[in-house]
Structures are given as structure tokens and as C-alpha cells.
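# Architecture at a glance
One letter stands for each residue in the lines below.
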Amino acid sequence: MRGEKEKMLAGEWFDPHDAELTADRDRATRLMHRLNVECCGHGDDYRTTLGELCPNVRGFIREPFHCDYGYNIHMGEGSFVNFDCVFLDLAPIRIGCGTLIGPKVQLLTAHHPFDAATRGTALEAGKPIVIGDHCWLGGGVIVCPGVTIGDDVVIGAGSVVVKDIPSHCIAVGNPCRPIRAITDADHEQWQRKAREYRAWKEGI
């Protein structure tokens, strides 16, 4: 018979009061306290603690940061999470490479029964969240359970993402919807600005 943790990791309904899962959350809480209160920014102790909390993170997460377990968060090289984000990682949260997550973003995999009586039993489940490479989520974005965001996507600040968002677009609103594609002209414009900045910096 499978345990509650195995059921959680399989995306099935599970009891979060299970002793093993409670111990996992308690461990995460202790590490978050160290990360958020005792450590300093980019110091070695901060990076070590972050690695213990989120062993599958290859980017960087700023404090304060809050999650359920930590081990269900996967993040690629060059990705960055700004201040005061909440990742409820009952199910996997997968963030690609080079993605920027603004302050106060919430990635919420937790799903509860719609029936109040069943909900009162504390049963819950998680639905994975996937965010692609080279995305930018503005401050205060909320991503709901089961959502996939493609590559090269900009999500406007304060948006609530309840459905999948395709690659190469700008999406905003509540509910969040694509408003236009990110075009070659966009890439050319911003790459030109970057070249101008580098030329200015080299000249000073």
C-alpha cells in the first residue's frame, strides 16, 4: 500500500497530516527561517541553505521565500526569483532557464475538493506548474494549479493565470490572456538597445 507522500508525488489525493509529510514541511520551515532571517543575501551560508531547501534549483531565489517542501521545485540555470514569493509545491513546479520571476509571485499547485464536507477532511492534491525558458513574470502574478506557460512569455504584473499560455507572447489580466505575439521586431529593438548600452558603457 502506497504512503501519503507517494500519493502526493503521483498527483493523487492525499492526507497532508501524514507524519512523513509533516516532518518534511517542518524541515522546510526550519530551512526557510534560516534563509529568511539568519542568512545574508548572496553569502555562502545563504546559498548552502537554499541548496538544502531546494536541491533542484540551479538559479537563484531571494529572501524572503516560502514553500511547502522545496524538493518539488525545479529551476534551470540563469533563472531568478525576486523577493517575497510563495511556491506551494505539492506537485512539481518546473521553471526553465533564464526566466525572471518578479516579487510577490505565487505559484500554487495546491488543489482542494469543491465539496465543503470533503474539503473539511483536509484531503488535497497537487497539479504541476510548468514555466518555460526565458520568461518574465511581473510582480504579483498568480499561477494556478495545472498551468503551463510556454517559452519567451511575458506575464503582466498582477495577472492571474488560470489556463495555459502559448510561447512567444505577452499575456495580461484576470483571467490572464495573450494580447499579442512577441515578434522579430521586438527582439531587434531590444537587442539594439542592449548594443547601444554596451557601447556607451565601453566608452566611459
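Here the structure is a predicted model, which means the values were calculated and not measured.

A word on the pairing of strand S17 (residues 169-172). Examined bridge by bridge, strand S15 (residues 153-155) and S17 share 3 bridges and lie parallel to one another. If you follow Val153 over to S17, its bridge partner there is Cys169. Where S17 lies against strand S18 (residues 177-181), 4 bridges are found, and the strand directions are antiparallel. Paired with Val172 across the strands is Arg177, a residue of S18. Between the antiparallel neighbours S17 and S18 lie 4 residues, among them Gly173 with a positive phi of about 105°.

Moving on, we get to the side chain of Asp152. Counting through the fold element by element, Asp152 comes out in the loop between strand S14 (148-149) and S15. Despite its burial, Asp152 pairs with no opposite charge, the nearest such side chain being Arg180 at 9.7 Å. Those residues in contact with Asp152 that sit more than four places away from it in its chain are Asp133, His134, Cys135, Ser167, His168, Cys169, Ile182 and His187.

As a further point, take the pattern of salt bridges. Inspection of every chain in the model, using the stated rule, returns 6 salt bridges. Between Lys5 and Asp24 there is a salt bridge whose closest N-O contact spans 3.0 Å. With Lys5 in helix H1 (residues 4-9) and Asp24 in helix H2 (residues 19-38), the pair connects residues that are 19 residues apart, well separated along the chain. Each member of the pair Lys5 and Asp24 is classed as buried. Lys104 serves as the salt-bridge partner of Asp84, at 2.4 Å between the closest nitrogen and oxygen. Here the residue Asp84 occupies a position in the loop between strand S4 (80-81) and strand S5 (85-88), and Lys104 occupies one in the loop between strand S7 (100-101) and strand S8 (106-108), the gap between them amounting to 20 residues.

What follows concerns the layout of surface pockets. Roughly 400 Å³ of internal volume is contained in the largest pocket. Taken together, 16 residues make up the lining of the largest pocket; nearest its centre are Trp136, Asp152, Val154, Ile182 and Trp190. Sort the elements by how many residues they give to the lining of the largest pocket and helix H5 (residues 184-203) lands first, with 5 residues. Of the residues contributing to the lining of the largest pocket, the split by class is 9 nonpolar, 4 polar and 3 charged.

Moving on, we get to the sheet that holds strand S12 (residues 136-137). On the basis of which strands lie adjacent, the open sheet formed by 7 strands has the order S1-S4-S7-S12-S15-S17-S18 and mixed pairing. The outermost strands of the open sheet, each flanked by one partner alone, are strand S1 (60-61) and S18. Across 2 bridges, the pairing between S7 and S12 is parallel. Bridge assignment links Ile101 to a residue of S12, and that residue is Leu137.

Under the criterion given, the structure shown has 0 disulfides. Here Cys67 stays free of any disulfide, with the sulfur of Cys54 as its closest cysteine sulfur at 4.8 Å. Not part of a disulfide, Cys97 finds its nearest cysteine sulfur in Cys135, a span of 11 Å.

Glancing now at the environment of Arg94. Checked against the element boundaries, Arg94 lands in strand S6 (residues 93-95). Taking the C-alpha atoms as reference, Arg94 lies 5.9 Å from Met75; in sequence the two are 19 residues apart.

Turning our attention to the packing of aromatic side chains. Applying the stated criterion across every chain yields a total of 4 aromatic pairs. Arranged with centres 5.2 Å apart and planes meeting at 85°, the rings of Phe65 and Phe87 form a pair that is edge-to-face. Here Phe87 lies in strand S5 and Phe65 lies in strand S2 (residues 65-67), a separation of 22 residues in the sequence. For the pair formed by Phe65 and Phe87, the shared burial category is buried.

How each quantity is defined
- Residues numbered from 1 in each chain as written.
- Predicted model: local features only at pLDDT ≥ 70, side-chain atom pairs only at ≥ 80, totals over all residues.
- Heavy atoms only, no water.
- Pairing = 2+ DSSP bridges.
- Helix = DSSP H or I, 4+ residues; strand = E, 2+ residues; numbered from the N terminus.
- Buried < 20%, exposed > 50% of the residue type's maximum accessible area, 1.4 Å probe, protein only.
- Lys, Arg positive; Asp, Glu negative; His and termini not counted.
- Salt bridge = Lys/Arg side-chain N within 4 Å of Asp/Glu carboxyl O.
- Contact = heavy atoms within 4.5 Å.
- 1 Å grid on protein atoms, 1.4 Å probe; cavity = no way out; pocket = protein on both sides within 12 Å on 5 of 7 lines; lining within 4 Å.
- Points joined across faces, edges and corners; volume = space filled by probe spheres on them.
- Nonpolar A, V, L, I, M, F, W, Y, C, P; charged D, E, K, R; others polar.
- Disulfide = S-S within 2.5 Å.
- Phe/Tyr/Trp six-rings, centres within 6.5 Å; stacked < 30°, edge-to-face > 60°.

Interpretation in functional terms is not warranted from these geometric data alone.
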